[in-house]
Amino acid sequence: MSIESRIRYPDELKLREILISGQRMIIPVSYLFGRQSENEFTKAKRKSVLKEMEADTQFLTKNPIIACALLRGNATQLLIIDGHHRSRYAPLLGIREIPSSVYLPGQLLDAFPDNHSVGDLVEMLDRENAQAQTSFRRIPDYKQPYLLPAYKSLQALPFKRF
């Protein structure tokens, strides 16, 4: 089974509808975990994304990363929902802090097809993140994203707002 048939991507229109309800933050790229596998990052896509970011200095602010804050025991993981290519290629332009809209899983539930509960959504995100981490197994540990301490609310996350 191909990875594309296992991963269910969110509905773009519904993501845009909920974009205004997230916590808008500037997040260092080193805290963003991905769900896309290595083979989904192509030279053509890299060229296209870099061209868009170079042409418009406000591109990332106009198109923030969408991330989901997941509690992991005594830690918080920020998982990219939309914006994998922007977050991966922004550092090539010297951009290490990414405008992002952060949500809790319940806020994102309607944007994903075939999920009927927050638990289903979190399970799917965990599975996709594990698959992505496996595909990037050659990346050394010191280049892996960092977890944050556990936070009781999105408002408590320690990032600048935009």
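Scroll up for the structure.
Since the structure is predicted, the reported quantities are computational estimates derived from the model, not experimental observations. (Residues numbered from 1 in each chain as written. Predicted model: local features only at pLDDT ≥ 70, side-chain atom pairs only at ≥ 80, totals over all residues. Heavy atoms only, no water.)

Novice: Help me understand the overall build of the chain in this model?
Specialist: When you go through the chain residue by residue, the secondary structure sums to seven helices and seven strands. When the helices and strands of the chain are listed from N to C terminus, the series reads α-α-β-β-α-α-β-β-α-β-α-α-β-β. On C-alpha atoms alone, the chain measures out to a radius of gyration of 15 Å, which is about the 15 Å that the 2.2 N^0.38 rule sets for 162 residues. Along the first, second and third principal axes, the C-alpha set of the chain runs to 40 × 40 × 35 Å. The burial tally for the chain puts 46% of its 162 residues in the buried class. (Helix = DSSP H or I, 4+ residues; strand = E, 2+ residues; numbered from the N terminus. Rg over C-alpha atoms; globule rule 2.2 N^0.38 Å. Buried < 20%, exposed > 50% of the residue type's maximum accessible area, 1.4 Å probe, protein only.)

Novice: Got a minute to help me understand the environment of leucine 70 in this structure?
Specialist: Along the chain, the position of leucine 70 falls in strand β3 (residues 65-72). Overall, leucine 70 belongs to the buried group, its relative accessible area being 2%. Between the C-alpha atoms of leucine 70 and phenylalanine 59, which are 11 residues apart in sequence, the distance is 26 Å. Residues contacting leucine 70, with those up to four places away along its chain left out, are Ala75, Thr76, Gln77, Leu79, Pro105, Val122 and Asp126. (Contact = heavy atoms within 4.5 Å.)

Novice: Quick question: what am I supposed to make of the packing of aromatic side chains here?
Specialist: Each aromatic ring pair is summarised here by two numbers: the centre-to-centre distance and the angle between the ring planes. The full count for this structure, using the stated rule, is four aromatic pairs. By way of ring pairs, the aromatic residues Tyr31, Tyr146 and Phe159 are connected into one cluster. The ring of phenylalanine 41 has arginine 88 sitting right over it, with the charged end atom 4.6 Å from the ring centre. (Phe/Tyr/Trp six-rings, centres within 6.5 Å; stacked < 30°, edge-to-face > 60°. Lys NZ or Arg CZ within 6 Å of the ring centre and 35° of its normal.)

Novice: What should I look at first to understand helix α7 (residues 118-135) in this one?
Specialist: Helical periodicity: at 3.6 residues per turn, an α-helix aligns residues three or four positions apart in one direction. Compared with an ideal rise of 1.5 Å per residue, which puts 18 residues at 26 Å, α7 spans 26 Å between its outermost C-alpha atoms and is within 8% of the ideal. For α7, every residue scored as buried is listed here: Leu121, Val122, Met124, Leu125, Glu128, Asn129, Gln131, Ala132 and Ser135. (Expected span 1.5 Å × (residues − 1).)

Novice: Help me understand the nonpolar core in this model?
Specialist: The nonpolar side chains of soluble globular proteins are, as a tendency, buried together. Met53, Leu78, Val102 and Leu157 are the most contacted members of the largest nonpolar core, which totals 24 residues. Going through the elements one at a time, β1 (23-28), α3 (43-55), α4 (59-62), β3, β4 (75-82) and β5 (97-103) are the ones with two or more residues in this core. The residues touching leucine 157, leaving out its near neighbours within four places in the chain, are Met25, Thr76, Leu78, Val102, Leu148 and Tyr151. Leu79, Ile81, Leu109 and Val122 belong to the second-largest nonpolar core, a separate cluster that totals 17 residues. (Core = buried A, V, L, I, M, F, W, Y, C linked by side-chain atoms within 4.5 Å.)

Novice: Help me out: how do you make sense of the environment of aspartate 110 in this one?
Specialist: Mapped onto the elements of the fold, aspartate 110 is located in the loop between α6 (105-108) and α7. The sequence separation of aspartate 110 and alanine 69 amounts to 41 residues, and the corresponding C-alpha distance is 16 Å.

Novice: I keep staring at the side chain of serine 87 and nothing clicks. Help me out?
Specialist: Within the secondary structure layout, serine 87 lies in helix α5 (residues 84-89). Within the structure, the side chain of serine 87 is placed 3.0 Å from the backbone oxygen of histidine 84, a separation counted as a polar contact. Setting aside chain neighbours within four positions, we find serine 87 in contact with Val29, Leu32, Ile65, Ile80 and Ile98. (Polar contact = N/O pair within 3.5 Å; in protein donor to acceptor, adjacent residues only side chain to side chain.)

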